[in-house]
Amino acid sequence: MRAWSWVLAPLLGLGACHGGVMGAGNSNGQGGAHDGGNDVGVGVTGSGGLGGGGSATSGGSTGFTLACVKPSLGSPTLRLLTRNEMENSLSDVFPDLKQQWTGTLPSNTLSSYGFDNDASATVGKQLAGALVDTALSVATALTGASFSGLLPCSTSTADRACADQFLTKYGRRLFRRPLTQGEHDRYLAFFDASKAKSDFKTALKWLAVGLIQSPNAIYRSEMGADKGDGTRALSPYEIATALSYTYTGSTPSEALLAQADAGNLGDVVATAKAMLATPAGKQTVQHFFEGYLGYTGVSSVTRTNIPSFTSVGADMVNETRAFIDDVVLQHGGGMKQLLTAPTTNLTTALAAYYGFPTPAANLATITRPAGRGLGLLAQGAFLTTHASPDSSSPTRRGLFPYLQLLCEKKSSPPPNVPQIGSPAPGQKTTRQRYEDVHAKMGSACAGCHQRFDPIGFGFEHFDEGGRYRENESGLPIDSSGAVSTADGTILFSFKSEEELVTGLANQPVVHECLSANLATYAFGTDEACLGPSKVPDLQSGTIGIAEAFTQLAAEPHFTRRNAQ
C-alpha cells in the first residue's frame, strides 16, 4: 500500500485497497456499486479489459439487431471514461496547467467492434494506480507555479473558506454536477484532516487528488431517476455530460453546466450539431472511423517486396483522414459517397507512389484516374492493413465488407487450418492460390470462405502495398466475384472494385449496419435498436453520416433508460 493511501482511504471508503478508486460497475452489477453521490470502494476486476486493467464484455458483429421496428431504451449504466476522455477533461477543467502534468493512463482495450469506449469497462489494478499517479501529477502542477492563478482567493488569505470555494468550483467541473451536501462536507473534512498534518498547499493538493480520481469523476453516470413507469429519466447533468462526451470527447463546458443548472438544455440535436462543428467534434467523427475501419495500423506495417512503402505509411493514414473530412464532414456525405467517391486526398509523395497526378497541395482533393478504384476501399490504408506482408489477401479484404458493412456473423475457423503458402510469381495468381487451398480444405472451410473470399477478389487489382496493378507478375487478374448472405443468397455480382463498392452502397443492410455501428460508438453498447430512426434517410441520401450521428441525440435512449 502506497505511503499516501492513508490520506485517500478515509475519504473514498477504500479501506486497505490499492491507493485509489476501484471498480464502480455498471447496471449489470459488474465490478461494483455506486450509491448516488457517495464514492464507494468495492474491489478490483481482472487485468485485461478496457481502460487498461479493467474488463469488458462484447459480442462482436453478431450482437446487432438490424431489422428494428422502432427505437428501444437500453439499460442504465455508469460509463468509465476512456484515456482520451479523461485527459481531455483534465485539460479542459485546468486549462492553465496544459503541458505541466503527465498522464500515465494506459491505452484502452478495443471491443470486438473496434471501439475503445465500451460501457461495460471497469477499473482494475493497473488503471487504478495510473489514475492516482495522473491525479498526483495534475495536483502537483496545480499547487506549483500556477497556484495563485487557480485559487479563488489570494494566496495571502488562503484559508478554509478558500478551500471551500476551490472545492465548489472544481468539484462541480470534475463531477459534471454540483456536489451534494454530503460530498461537500466529507471533502472539506478531508481537507481539514490533511491540513492538520501539513499545510494549506499540501492539503489542497490532496483534495484535488481525491476529486480527480473519484468514481464520480472517472465514470459518466447514465443512471437517471425512476419515473415509476418502467423507465428512468436522465437528469439534465447526465444529458449534458452525454452530449459533451459523445460530440466533443470531453467534459461539459461551464456554459452547458449552467444550462443544466437551469434545467433547460434546449434543443439537444442543435447542440450536438454545434459541438460536432468544432475541432473537438470533428475529431470524435474521425475517432469513430479509426475504430470502425481500423486503418491507422498502416503506419506500423512493413512490406518486404516494396522498399518505398515505409516512407508513405503515415501519408496513407492522413489520406484516409483527409478523405473522411472532405466527404463526411465538409460535404455531409453518406455511405454511398464514402464508398463510391471518385476522389481521394494525397500528399505529393503518396501520389508518386500510387502513380497518380500530383495534387495542388498536400492532401488536396484530386480525382482518381479512371479505372483505378473508387472510394474509401481503394485507399492504401484499407488495402494495406487488409493484406499479407508479401501479397494481397482476398480473405482479409473480403472479411471487412462482410463483417463491417453487411454485419454478417464471423465464424470460428476449424482446427488445423493449412497455410496458403508463399506467393508464386508468374506461376499462380493470388486468387488461384487461395481458391486451390480452400477447395482442398473441404466443405467446412470452403463453406465459410465462399462467403467472403469472393468479395475480396474484387480488390485483386491492388497489391499488398495498395498500388494498382494491371496484372500480377505477368498473369491476368480476375477481379470478378459476388456478394452473398450467410445462407448463400447472392445479393449481386461484380467484375471490378468499382462495381463491388457501387453494389455495396446500394444494399439497405449496409446503411443499417453503419447506423448500428454509430449507435454502438455513441452509446458504448450493442443493445438492440438504440438508434435506428434515421436508417431510411441514410439509405436514401437525405442525410449524411455526420447528420445521422448528431440525430442520435434525438433517440429515446439518449435521455431515458429502462428501469433496470
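Just above sits the structure.
Scoring rules and cut-offs
- Residues numbered from 1 in each chain as written.
- Predicted model: local features only at pLDDT ≥ 70, side-chain atom pairs only at ≥ 80, totals over all residues.
- Heavy atoms only, no water.
- Helix = DSSP H or I, 4+ residues; strand = E, 2+ residues; numbered from the N terminus.
- Contact = heavy atoms within 4.5 Å.
- Areas by Shrake-Rupley, 256 points an atom, 1.4 Å probe, with all protein chains shown as cover.
- Phe/Tyr/Trp six-rings, centres within 6.5 Å; stacked < 30°, edge-to-face > 60°.
- Buried < 20%, exposed > 50% of the residue type's maximum accessible area, 1.4 Å probe, protein only.
- Lys NZ or Arg CZ within 6 Å of the ring centre and 35° of its normal.
- Core = buried A, V, L, I, M, F, W, Y, C linked by side-chain atoms within 4.5 Å.
- Salt bridge = Lys/Arg side-chain N within 4 Å of Asp/Glu carboxyl O.

In this section: the overall build of the protein chain. For the protein chain, the count of helices and strands is 24 helices and 11 strands. Restricting the contact set of the protein chain to residue pairs at least 6 apart, pairs at least 24 apart contribute 70%. Looking at the protein chain as shown, the accessible area adds up to about 22000 Å², and 51% of this sits on carbon and sulfur atoms.

With that settled, the discussion passes to the packing of aromatic side chains. Under the definition given, this model contains 23 aromatic pairs. On the numbers, 5.7 Å between centres and 75° between planes, the contact of Phe191 with Phe200 is edge-to-face. Judged by its relative accessible area of 11%, Phe200 is buried. Look at Phe462 and Tyr468: their rings are 5.7 Å apart centre to centre, the planes differ by 80°, and that puts the pair in the edge-to-face class. Grouping aromatic residues by their ring pairs yields a cluster made of Phe115, Tyr247, Phe288, Phe289, Tyr292, Phe382, Phe400, Phe459, Tyr521, Phe523, Phe549 and Phe558. Taking the ring centre of Phe309 as reference, the NZ or CZ of Arg303 above it sits at 6.0 Å.

One finds Tyr247, Phe289 and Leu338 to be the most contacted residues of the largest nonpolar core, which totals 91 residues. No other element matches the 9 residues that helix α21 (residues 508–523) contributes to this core. Not counting the four nearest positions on each side in its chain, Leu338 is found in contact with Phe289, Phe323, Ile324, Val327, Val328, Gly375, Leu376 and Ile545. Met86, Leu136, Val209 and Leu211 belong to the second largest nonpolar core, which has 52 residues in total.

In this section: the pattern of salt bridges. Applying the stated rule across the entire model yields 17 salt bridges. Its salt-bridge partner being Asp261, residue Arg172 comes within 2.8 Å of it at the nearest N-O pair. Here Arg172 is found in helix α5 (residues 160–175), whereas its partner Asp261 is found in helix α10 (residues 254–261), with 89 residues between them in sequence. Look at Arg172 and you get buried, because its relative accessible area is 13%. A salt bridge links Lys428 to Asp436, with the nearest nitrogen and oxygen atoms 2.7 Å apart. Accessibility expressed as a relative area gives 30% for Asp436, which makes it partly exposed. What you see here is one network of salt bridges that share partners, running through Arg79, Glu85, Arg220, Glu222 and Arg561.

Shape descriptors only; they carry no functional weight alone.
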